[in-house]
Amino acid sequence: MDDTQIMDLYWSRNESAVSETAAKYGGYCYSIAYNILTNNEDAEESVNDTYLAAWNAMPPRRPKLLSTFLGKITRNLSLDRWRSRRRDKRGGGELPLALEELGECASGECLEDVYARKELARCLNRFVAALPEPERSVFVCRYWYVDSLKEVAARFGFTEAKTATMLLRTRKKLHAEFEKEGLL
């Protein structure tokens, strides 16, 4: 079933919209959630919460790209769940490492506070949009989807060392861009 048909099911309040979404995007959403949460049960809950959030959002919203819409919901729900879980204990996995790596660009500020600022988000979006391929894709896979270095390297056919170097150089460029924009 294509995305338009799935969205039509949501708009007509047909419950099969959820099962069709799960069939087409369940693995994609689970991958995002698991990369952030590193826990099967939490990831499954985030994916189920994604379906509920999509159900509640359509209508009135009709996303242009269903995959991006679902991915963003899953990511945000998973980050919320991760932050909640982190309050009680320090979590492992890729998210803390990815945030630490990006935190180097933010001059020691709490990354969560930095991201909250709209100017920083606009600058980051412009920066990522201007990156050449595959640098942009590698950056997005690592810092949006929170894929491990090993997964990113395998996806693009690079060694882990090349991937790590590419990400380091990109973070340095990002840091310079933040400085140029007066965000640091």
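You'll find the structure just up there.
Source: prediction; values computed, not measured.

Q: Which parts of the structure should I look at to understand the overall build of the chain?
A: Along the backbone of the chain there are 10 helices and zero strands. Helices and strands in the chain line up, N terminus first, as α-α-α-α-α-α-α-α-α-α. Relative to its 184 residues, the chain shows a buried fraction of 40%. Long-range pairs, those at least 24 residues apart, make up 62% of the contacts in the chain with a sequence separation of at least 6. Accessible surface computed for the chain: about 10200 Å², of which carbon and sulfur atoms make up 51%.

Q: What exactly am I supposed to notice about the packing of helix H2 (residues 16-37) against helix H3 (residues 40-57) here?
A: Helix-helix packing is characterised by the crossing angle of the two axes and by the distance between the axes. As a packed pair, H2 and H3 sit with axes 8 Å apart at the nearest point and diverge in direction by 135°. Here H2 is positioned oblique relative to H3, judged by the angle of their axes. Considering only the axes of H2 and H3, their crossing is right-handed. Touching Ala17, Val18, Thr21, Ala22, Gly26, Cys29, Tyr30, Ala33, Tyr34 and Leu37 of H2 are Asn40, Asp42, Ala43, Glu44, Ser46, Val47, Thr50, Tyr51 and Trp55, all from H3. Residue composition of the contact of H2 with H3, grouped by class: 12 nonpolar, five polar and two charged.

Q: For this particular structure, what's the right way to read the pattern of salt bridges?
A: Side-chain pairs of opposite charge can arise where the charged atoms are in close proximity. Counting across every chain of the model gives eight salt bridges. Here Arg155 and Asp147 are joined by a salt bridge, their closest N and O atoms 2.6 Å apart. The salt bridge partner of Lys180 is Glu177, with a shortest N-O separation of 3.8 Å. Of this pair, Lys180 and Glu177 both sit in helix H10 (residues 160-180), three residues apart, roughly one helical turn. One continuous salt-bridge network, built from bridges that share partners, spans Glu45, Asp49 and Arg81.

What counts, and where the lines are drawn
Residues numbered from 1 in each chain as written. Predicted model: local features only at pLDDT ≥ 70, side-chain atom pairs only at ≥ 80, totals over all residues. Heavy atoms only, no water. Helix = DSSP H or I, 4+ residues; strand = E, 2+ residues; numbered from the N terminus. Buried < 20%, exposed > 50% of the residue type's maximum accessible area, 1.4 Å probe, protein only. Contact = heavy atoms within 4.5 Å. Areas by Shrake-Rupley, 256 points an atom, 1.4 Å probe, with all protein chains shown as cover. Axes fitted to C-alpha atoms, helices over the stretch in contact; angles between N-to-C directions. Parallel < 35°, antiparallel > 145°, perpendicular 65-115°, else oblique. Left-handed = near helix turned anticlockwise from the far one by under 90°. Nonpolar A, V, L, I, M, F, W, Y, C, P; charged D, E, K, R; others polar. Salt bridge = Lys/Arg side-chain N within 4 Å of Asp/Glu carboxyl O.

Any link to function would need more than the numbers given here.
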